[in-house]
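Observations on the model geometry
One-letter residues, chain by chain:
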Amino acid sequence: MTAREPVVELRDVTRAYPGVAALAGVDLTVGRGELLAIVGPSGSGKSTLLNIMGILDRPTSGLVRVDGHDVAALSDRGLAALRARSIGFVFQHFHLAESATALDNVADGLLYSGRSRTERRERGAAVLARVGLGERLHHRPHELSAGQKQRVAIARAVVGEPGLLLADEPTGALDSASGAAVMELLHELHAGGTTIVVITHDQDIAASLPRQVAMLDGRVRYDSAARPGGREEATAC
Ligand SMILES: Nc1ncnc2c1ncn2[C@@H]1O[C@H](COP(=O)(O)OP(=O)(O)O)[C@@H](O)[C@H]1O
Ligand SMILES: [Mg+2]
């Protein structure tokens, strides 16, 4: 397999909370265009890992590089700009603004993009149409099914066309049909070039993705891209 340019690189990353090593020395490289699953028991550090990959959180020690930028060298303002430009997040429980319409929820994903309100709404409507919700622009979250809410959340995450999409158990609150629709959408985004990392408890979903990384006690226990005696596929020459 040819080498891919790394989008995220973690080297010996730790994240300590009082009395807990949420991450205890993680090495992981995600190459551009990858689609990978992160699995592991509750408390194994999956969400902490994703938050650090998405620079929502800083490590206690170790190196984090996103899109080639050493995160430790960036100011909070620089981090916010990198996040707004490069990263989309999707969460298990959607995190939508309940009083805002689907369109406003998605358009607000562009608030810090410097685009006009009109342009934000035009782009928001186009992305909602793309996720199959072109007829639901003015519905509020309570007027949508769980699967539709998650598609709104994905539309909000990708409206700024980030290169990296991070999803923390995106199907965890969905019935299997809605979960399958969400995974299909993630596959479409991946086919369009987006790098995607998905935390999942669902073994079938994990097995259906090109790469699996298993966490245990704050460490990578298994990485399907690792070669015996070698480095990870994503960084191999
Ligand atoms: N904000 C926090 N404060 C204290 N401990 C935390 C915090 N976030 C996570 N932890 C602890 O870190 C460990 C890993 O948590 P997490 O990354 O959420 O695991 P997972 O997503 O795999 O369930 C757990 O022991 C958890 O209790
Ligand atoms: Mg979690």
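Structure: see above.
Calculation rules
Every chain's residues receive numbers from 1 upward, in the order its sequence appears when written. The lettering of chains begins at A and the numbering of ligands begins at 1, in the order of writing. Local features in a predicted model are, by the rule used here, given only for residues with pLDDT of at least 70; side-chain atom pairs are given and counted only at 80 or more, and totals for whole chains, interfaces and linings are based on all residues. Think of the side-chain values as coming from all heavy atoms in the structure, minus any hydrogens and water. Paired strands are those between which DSSP finds at least two bridges. By definition, any uninterrupted DSSP run of H or I lasting at least four residues is a helix, any uninterrupted run of E lasting at least two residues is a strand, and each is numbered from the N terminus. Buried Ala, Val, Leu, Ile, Met, Phe, Trp, Tyr and Cys residues form a nonpolar core when they are joined through side-chain atoms within 4.5 Å. Residue burial is assigned from relative accessible area. The probe radius is 1.4 Å, only protein chains are included, and a residue is buried under 20% of its type maximum, exposed over 50%, and partly exposed in between. Any two residues whose heavy atoms approach within 4.5 Å are treated as being in contact. Whether two aromatic rings pair depends on their centres lying within 6.5 Å, for rings of Phe, Tyr and Trp, where Trp uses its six-membered ring; planes under 30 degrees apart make the pair stacked, over 60 edge-to-face, and the rest tilted. To estimate how far a helix should extend, the number of its residues minus one is multiplied by 1.5 Å. The directions from the helix axis to the C-beta atoms form the arc being described. Polar contacts, as used here, are pairs of N or O atoms within 3.5 Å; protein pairs need one atom able to donate a hydrogen and one able to accept it. Residues neighboring in sequence count only if both atoms are side-chain atoms. Buriedness for pockets is judged along seven lines, at least five of which must meet protein on both sides within 12 Å for an open set on the 1 Å grid over protein atoms alone, while cavities are sets there where a 1.4 Å probe fits but cannot get out, and lining residues have an atom within 4 Å of a point. Grid points are joined across faces, edges and corners, and a volume is the space filled by probe spheres set on the points. Residues are grouped as follows: Ala, Val, Leu, Ile, Met, Phe, Trp, Tyr, Cys and Pro are nonpolar; Asp, Glu, Lys and Arg are charged; every other residue, Gly included, is polar. For this document, the term salt bridge refers to a Lys or Arg side-chain nitrogen within 4 Å of an Asp or Glu carboxyl oxygen.

Some points on the sheet that holds strand 2 (residues 20-31)
In space, the 4 strands of this open sheet follow the order 2-1-4-5, with antiparallel pairing throughout. At either end of the open sheet lies a strand with only one pairing partner, and these are strand 2 and strand 5 (69-70). Relative to strand 5, strand 4 (residues 61-66) runs antiparallel, the two sharing 2 bridges. Bridged to V66 within strand 5 is H69.

Here we look at the nonpolar core
The nonpolar side chains of soluble globular proteins are, as a tendency, buried together. Core analysis: the largest hydrophobic core is formed by 37 residues, its most contacted members being L128, V152, I154, L165, L186, L189 and I196. Mapped by element, the contributors of at least two residues to this core are strand 3 (35-39), helix 3 (102-107), helix 4 (117-130), helix 5 (146-158), strand 7 (164-168), helix 6 (176-191), strand 8 (195-199) and helix 7 (203-208). Sort the elements by how many residues they give to this core and helix 5 lands first, with 6 residues. Beyond its immediate stretch of four places on either side in the chain, I196 contacts E34, L35, L36, L165, L186, L189 and H190. By size, the runner-up hydrophobic cluster in this structure holds 29 residues, among which are L10, L36, L82 and V197.

With respect to the packing of aromatic side chains
Summed over all chains, the structure comprises 1 aromatic pair. When the centroid spacing of 5.4 Å and the interplanar angle of 5 degrees are considered together, the rings of F89 and F91 count as stacked.

A word on helix 6
Over its 16 residues, helix 6 extends 22 Å from the first C-alpha to the last, a length consistent with the 22 Å expected when each residue adds 1.5 Å. Within helix 6, the full set of buried residues consists of S178, G179, V182, M183, L185, L186 and L189. The arc that holds every buried residue of helix 6, seen down its axis, measures 155 degrees, which confines them to one face. Across from the buried face of helix 6, at angles greater than 90 degrees, the exposed residues are S176, A177, E184 and A191. Those residues of helix 6 that are buried lie in contact with helix 4, helix 5, strand 7, strand 8 and helix 7. The residue sitting at the N-terminus of helix 6 and contributing the capping side-chain oxygen is D175; that oxygen lies 3.0 Å from the backbone nitrogen of A177. In the segment just after helix 6, G193 is the residue with positive phi, at about 115 degrees.

Some remarks on the layout of surface pockets
Size it by volume and the largest pocket reaches roughly 680 Å³. Along the wall of the largest pocket there are 24 residues; nearest its centre are R83, A84, I87, G109 and Y112. Take the lining of the largest pocket: its biggest share by element is 5 residues, from helix 2 (residues 76-86). A per-class count over the lining of the largest pocket returns 12 nonpolar, 6 polar and 6 charged. Roughly 210 Å³ of internal volume is contained in the second largest pocket. In terms of lining, the second largest pocket is formed by R123, V127, R130, V158, V159, E161, P162, G163, L189, G192, G193 and T194. When residues of the lining of the second largest pocket are assigned to their parent elements, the largest contribution, 3 residues, is made by helix 4.

A closer look at the pattern of salt bridges
Two side chains that carry opposite charge are able to pair once their charged atoms sit near each other. Scanning the model with the defined rule gives 10 salt bridges in all. Across the salt bridge formed by R32 and E5, the nearest N and O atoms sit 3.3 Å from each other. Here R32, found in the loop between strand 2 and strand 3, pairs with E5, found in the segment before strand 1 (6-17); they are 27 residues apart in sequence, far enough to count as distant. Overall, the relative accessible area of 31% leaves R32 in the partly exposed class. Salt-bridge contacts for E34 lead to R211; the nearest nitrogen and oxygen are separated by 2.8 Å.

By themselves these figures say nothing about function.
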